Every structure is written in C-alpha cells, then in structure tokens.
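Examining the three-dimensional arrangement
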Amino acid sequence: MLYIKALHIIFVVTWFAGLFYIVRLFIYHTEAEQRSEPEKSILQSQFRLMEKRLWYGITWPSAVLTMIFGIWLITKMGLWSAPYMHLKLTFVFFLYLYHFSCQHIYNKLKQNNVKYSPTQLRIWNEVATLFLVAIVFIIVVKSMNWIYGLIGLVLFAVMLMLAIRVYKRLRTKNND
C-alpha cells in the first residue's frame, strides 16, 4: 500500500505542477497578444507548443493516474465512509472541474480566441492554490473544526487576492 500511496502523491505533485504552469503559459500567451508582429506570432506559436506538451505530456496523464491511485487507496484502505474523505473528495471533484476549465481555456487559446486578461488568469491561477491548501489540510488533519478551516481558507484566499493586486501595482509602476 505504501507504494500506491507514494505513486498517488507523486502524481498529485506533477498534476499540480502542470496546473500551475499551464495557467502561467496562458498568461504569457495572452500577454503576447499585445506585441507587434512578427514577435506576437512567434511567441504565441511557441506558447502553443509548450502548452500542448505540458498539457498532454504531463498534466492530463498525472490527473488520470492521480485518480487511479487515489481510488485504489480509498478502496483498499476502506476510507469511503470517513467523513473527512467525503470533504476531501468534494474538493477533488471541484479540482477536476478546474482542470476541465483549463482544458477549455487551452482550446480557446489554440484557436487564437483570447478572451481573458492576464490579470484574470493570474487570479484563476490562484484557484488551484486554494484547492491544494484545502485538500492537504483536510487529508493531514482529518478531524478539524470546519468553521475554523473555512475561515482559514477564506483568509488565505483574501491574502492571495491582495498579493495579486500588489503585484499588479508593482508591475504597472515598473512599466511606467
């Protein structure tokens, strides 16, 4: 079982690495939209190639293997009835929805349909961070006061949003 648990953790890590980096590539891809030709076309072509390799070579396989090893662990360890597992699986379900929405953004960018600003994508990138924090706390702590957990998650989200605003101000100030 420890080998299965290790493989599950490895693929969770690579899946999150893919999710974090794909949205960064989306940000760079959309920022390239503001460049003049031929730089714009060259950059976007390169970002499309990088996005494709990351998405289909790392992120999707990791998401699938995470699910396979996770289900294996839950089944073999008899955790289907554990209350904390229900909460964790709820967050994992929403994480997969996040993954599918990244697929949607990927498909749009592949068609040169840029409809999100770099700032919107920076905020979107932090959603994965919130899922990571919530899932790790749930699986490690197992039994916590849910009110304090929710308050902590909301405060963490507020801090992330403030950090994005500060970063945007610094970027704008440095570009002037």
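Numbering of residues begins from 1 in every chain and follows the order in which that chain's sequence is written. Residue-level local features of this predicted model are given only where pLDDT is at least 70; pairs of side-chain atoms are given and counted only at 80 or more, and the full residue set underlies all totals for whole chains, interfaces and linings. Remark: hydrogens and water are excluded; side-chain values derive from all non-hydrogen atoms of the structure.

1. Notes on empty space enclosed by the protein
Note the threshold: We place a 1 Å grid over just the protein atoms. Points where a 1.4 Å probe fits but has no way out form a cavity, open points with protein on both sides within 12 Å along at least 5 of 7 lines form a pocket, and any residue with an atom within 4 Å of a point lines it. Grid points are joined across faces, edges and corners, and a volume is the space filled by probe spheres set on the points. In this description a helix means any DSSP run of H or I spanning at least four residues, a strand means any run of E spanning at least two, and both kinds are numbered starting from the N terminus. Residues are sorted three ways: Asp, Glu, Lys and Arg are charged, Ala, Val, Leu, Ile, Met, Phe, Trp, Tyr, Cys and Pro are nonpolar, and all the rest, Gly among them, are polar.
The tally for this structure, following the rule as stated, stands at 1 cavity of 30 Å³ or more. Within this model, the largest cavity holds a volume of roughly 30 Å³. In terms of lining residues, the largest cavity is bounded by T30, I105, K108, L109, N113, K115, Y116 and L121. Broken down by element, the residue count for the lining of the largest cavity peaks at 3 residues, all from helix α3 (residues 83–110). Split into classes, the residues belonging to the lining of the largest cavity amount to 4 nonpolar, 2 polar and 2 charged.

2. Some details on the side chain of E31
To keep it simple, the criterion reads: We call two residues in contact when some of their heavy atoms are within 4.5 Å.
Tracing the chain through its elements places E31 in helix α1 (residues 2–32). Every residue in contact with E31, bar those within four places of it in the chain, is listed here: P118, R122 and R171.

3. Re a nonpolar patch on the surface
Under the convention used in this document: A residue counts toward a patch only above 30% relative accessible area and without a salt bridge, and it is joined to like-charged neighbours within 9 Å or, for Val, Leu, Ile, Met, Phe, Trp and Tyr, to nonpolar neighbours within 5 Å. Computed by Shrake-Rupley with a 1.4 Å probe, the accessible areas treat only the displayed protein chains as cover when residues are assessed. Whenever a carboxyl oxygen of Asp or Glu lies within 4 Å of a side-chain nitrogen of Lys or Arg, that contact is scored as a salt bridge.
Together, F93, F94, L97 and F100 give the surface a local cluster of nonpolar side chains, amounting to about 400 Å² of exposed area. As for its placement among the helices and strands, F100 is situated in helix α3.

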